[in-house]
Amino acid sequence: MKSIAAIEAEIIEEFDMFDDWMDKYSLIIDRGKKLPMIDAAYKTDEYLIKGCQSKVWLHAAPSADGRILFMADSDAIITKGIISLLIEVLSNQKPEDIATAKLDFIEKTGLREHLTSTRGNGLVSMIEQMKAYAAKYAQLKS
Amino acid sequence: MNAITETAVNEFNAAQVRKDFPILEQKVNGKPLVYFDNGATTQKPIQVINAVEDYYKHYNSNVHRGVHTLSRLATDAYEEARLTVQKFINAKSAHEIIFTRGTTTGINTVANGFGRRYLQSGDEVLISTMEHHANIVPWQMICEERGATLKVIPVLDNGELDYAAFQSLLNPKVKIVAITHISNVLGTINPVEKIIQDAHQVGAKTLIDAAQSIQHHEIDVQKLDCDFLCFSGHKIYAPAGIGVLYGKEEMLNEMPPFEFGGDMIREVSFEKTTFNVLPYKFEAGTPNIEGAIGLSAAIKYIQNLGLKNIRQYEENLSEYASQRLKSLHFYRPIGDASEKAGVFSFLINGTHPTDVGTLLDQFGIAVRTGHHCAQPLMHRFEIPGTVRVSLAFYNAHDEIDYLIECLQKVEKMLA
């Protein structure tokens, strides 16, 4: 299992291949299209993180070996692409690692301004929620 | 048309006018800025920026209080702004012009004042499905408080008001009809003159939300015969935080004020307070002086360009935009009324509005995406939101061409 930092490094490298932000967006969109859909059972209001512009559904569950598995979806494709990055980095990791992850890749890929400028898209709340879930689970375990 | 106006029309040159707006000269994301979010707020010409700067540099002072020179100068400028607005919308008297923070405050002032004075249990208030939240929620609140009922005029599939339904909803229980002149989402121009006449037939008063029309259409409140009309400064090239509530004198005199303190007081004792006369009764606290001065400068600026010239140019530009947009096979317009302003809400088949807006931003194009503070209207059309392009006179035909080109690229990326 790769560490969070190792996966982040791969993503940074992937984004570094492109200079133009339109190409980076193409990459995000492609990822969005490939993101496995969330099970229909979880695409309900209970799992909804409501942003002003687009919707995000997030489901979290522990795996047999105590890691956390995330599933998510969005009605907007760019949001979905960014979600796929977060899932790749944080899903199937140990709760304590998730809770303390600095998520440097957001800064280093240049995604930061895109995340904060579109606060309405529910992504900031999604990261908060992923971490909160991990922190809660880590506490339960100890 | 006389020779002078004809020359003015011919000389109305977007490229030239555009130079008055310093903000439009910049690049965004490495591309020249194309500002198509005028329905949300308009940019400010240098004449407005200078007027506000001049006020702060030379005569900033509080109004209606001091005996000193600066206070007198500030008061004169503030009251002169009121006269400018009065003439602009042809109100009968200057004290029918109340300075507010914006359209929202204006509607809240009327909903509260009119509601407390006139609404009784069993009465009705009429609005439409295409209203902005600012012309829904204040009425909802006051209806709840007064035991009145809020009734809603439906909208047809093409975005026009269902006029037959409006007529059937009219009855003597309706105390006020509050309706938008131009829909901020659909661009539909409502037949307000007829609506006002029909409302008056059953004894109902009328409030017109002119937030989206004041900058495009000539408005004469006496000719319209509306009882109230509200607009915001920032949508008519003036600063934010200033707006206007026009009300017929007899209506404003009858209504209790909504906010208390400052200029609106005549005399205070702990037993009783009496209120100032119009317009001050509705202007509590120190007003937005620089906003009023900026608004006055903005009105003079567009009067100088000529509202007729502006309208003619904008209609031409809108027609061009409409034709070009409709030529795109993936373009799905929301709202296609026969009387329509330069507001284009649309979806691109199979995509989410926020994706389209995000990518257009990368091309330097500013559009609005989302529900546009009109969630009931989104529910009516069963959509999550729209992409909205809203035009102003500083926009040009080649910007429309660029938009079309970029929309084609965006559609390919998202498909």
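The shown structure was predicted, so the numbers you read here are calculated from the model rather than taken from an experiment. (Residues numbered from 1 in each chain as written. Chains lettered and ligands numbered in written order. Predicted model: local features only at pLDDT ≥ 70, side-chain atom pairs only at ≥ 80, totals over all residues.)

## A word on the overall build of chain B
Step number 1: The helix and strand tally for chain B stands at 15 helices and 17 strands.
Step number 2: In terms of C-alpha radius of gyration, chain B reaches 22 Å, essentially the compact-globule figure of 22 Å for 415 residues.
Step number 3: Projected onto the principal axes, the alpha-carbon positions of chain B cover approximately 70 × 55 × 45 Å.
Step number 4: For chain B, the residues scored as buried account for 48% of the 415 residues in total.
Step number 5: Nonlocal contacts in chain B, meaning residues at least 24 apart in sequence, comprise 71% of its contacts between residues at least 6 apart. (Helix = DSSP H or I, 4+ residues; strand = E, 2+ residues; numbered from the N terminus. Rg over C-alpha atoms; globule rule 2.2 N^0.38 Å. Buried ≥ 20, exposed ≤ 12 C-beta atoms within 10 Å, placed from the backbone. Contact = placed C-beta atoms within 7 Å.)

## Regarding the overall build of chain A
Step number 1: Counting secondary structure elements, chain A contains seven helices and three strands.
Step number 2: Secondary structure of chain A in N-to-C order comes out as α-α-β-β-β-α-α-α-α-α.
Step number 3: Relative to the 2.2 N^0.38 estimate, which gives 14 Å for 142 residues, the radius of gyration of chain A is 15 Å and therefore close to what a compact globule would have.
Step number 4: Expressed as lengths along the three principal axes of its C-alpha atoms, the size of chain A is roughly 45 × 35 × 25 Å.

## Describing the sheet that holds strand E14 (residues 343–348) of chain B
All names here are of chain B.
Step number 1: Spatial strand order, E13-E14-E17-E16: four strands in an open sheet with antiparallel pairing. Bordering the open sheet on either side are strand E13 (331–333) and strand E16 (368–370), each of which pairs with just one other strand. On average, each strand axis in the sheet is tilted by 35° relative to the strand beside it, whichever way the strands run.
Step number 2: Taken together, the three bridges between E13 and E14 define a ladder with antiparallel strand orientation. (Pairing = 2+ DSSP bridges. Axes fitted to C-alpha atoms, helices over the stretch in contact; angles between N-to-C directions.)

## Observations regarding the packing of helix H1 (residues 4–16) of chain A against helix H3 (residues 77–90) of chain A
Residues and elements named next belong to chain A.
Step number 1: Running from N to C, H1 and H3 point in directions that differ by 145°, and their axes come no closer than 8 Å. In this structure, H1 uses Ile4, Ile7, Glu8 and Ile11 to contact H3, whose residues at the interface are Leu85, Glu88, Val89 and Leu90.
Step number 2: When its residues are assigned to classes, the contact of H1 with H3 shows six nonpolar, no polar and two charged. (Nonpolar A, V, L, I, M, F, W, Y, C, P; charged D, E, K, R; others polar.)

## Observations concerning the interface of chain B and chain A
In many reports, interface size means the accessible area that the parts give up when they come together.
Step number 1: Taken together, the 11 residues of chain B in the interface contact 14 residues of chain A.
Step number 2: At the level of secondary structure, the elements contributing two or more residues to the side of chain B that touches chain A comprise helix H13 (353–362), E16 and helix H15 (397–414) of chain B.
Step number 3: It is H13(B) that provides the largest number of residues to the side of chain B that touches chain A, a total of five residues.
Step number 4: Along the lines of polarity and charge, the residues of the side of chain B that touches chain A split into four nonpolar, six polar and one charged.

## Comments concerning the domain arrangement of chain B
Residue and element names in this part refer to chain B.
Step number 1: On domain assignment, one finds that chain B holds domain 1 (3–44 + 306–410) and domain 2 (50–303).
Step number 2: Taken together, the contact pairs 27 residues of domain 1 with 28 residues of domain 2.
Step number 3: Mapped onto the side of domain 1 that touches domain 2, the elements with two or more residues apiece are helix H12 (307–326), E14, helix H14 (375–381) and strand E17 (386–390).
Step number 4: A per-element tally of the side of domain 1 that touches domain 2 places H12 first, with four residues.
Step number 5: Considered class by class, the residues forming the side of domain 1 that touches domain 2 number 11 nonpolar, eight polar and eight charged. (Domains from an automatic or database assignment.)

## Points about the sheet that holds strand E6 (residues 149–153) of chain B
Residue and element names in this part refer to chain B.
Step number 1: Across the sheet, seven strands lie side by side as E4-E10-E9-E8-E7-E5-E6; this open sheet has mixed pairing. Each edge of the sheet is formed by a strand with only one pairing partner; in this case those strands are strand E4 (97–100) and E6. Ignoring strand direction, the axes of neighbouring strands in this sheet form an average angle of 20°.

## Some words on the pairing of strand E2 (residues 55–62) of chain A
Residues and elements named next belong to chain A.
Step number 1: In this structure, E2 lies alongside strand E3 (residues 68–74), joined through seven bridges in antiparallel fashion. Within E3, the position partnered with leucine 58 by the bridge is alanine 72.
Step number 2: Counting the residues that bridge the hairpin from E2 to E3 gives five residues, and of these glycine 66 lies at a positive phi of roughly 80°.

## Observations regarding unusual backbone geometry
Step number 1: Residue Pro279(B) is reached from Leu278(B) by a cis peptide bond, and omega for that bond is 0°.
Step number 2: Residue position: Pro279(B) is located in the loop between strand E12 (273–275) and helix H11 (289–305).
Step number 3: The backbone of Leu103(A) sits at a positive phi, close to 55°, despite the residue not being glycine.
Step number 4: You can see Leu103(A) is positioned in the loop between helix H4 (95–100) and helix H5 (104–108).
Step number 5: In this structure, His372(B) takes a positive phi of about 55° despite not being glycine.
Step number 6: Within the secondary structure layout, His372(B) lies in the loop between E16 and H14.

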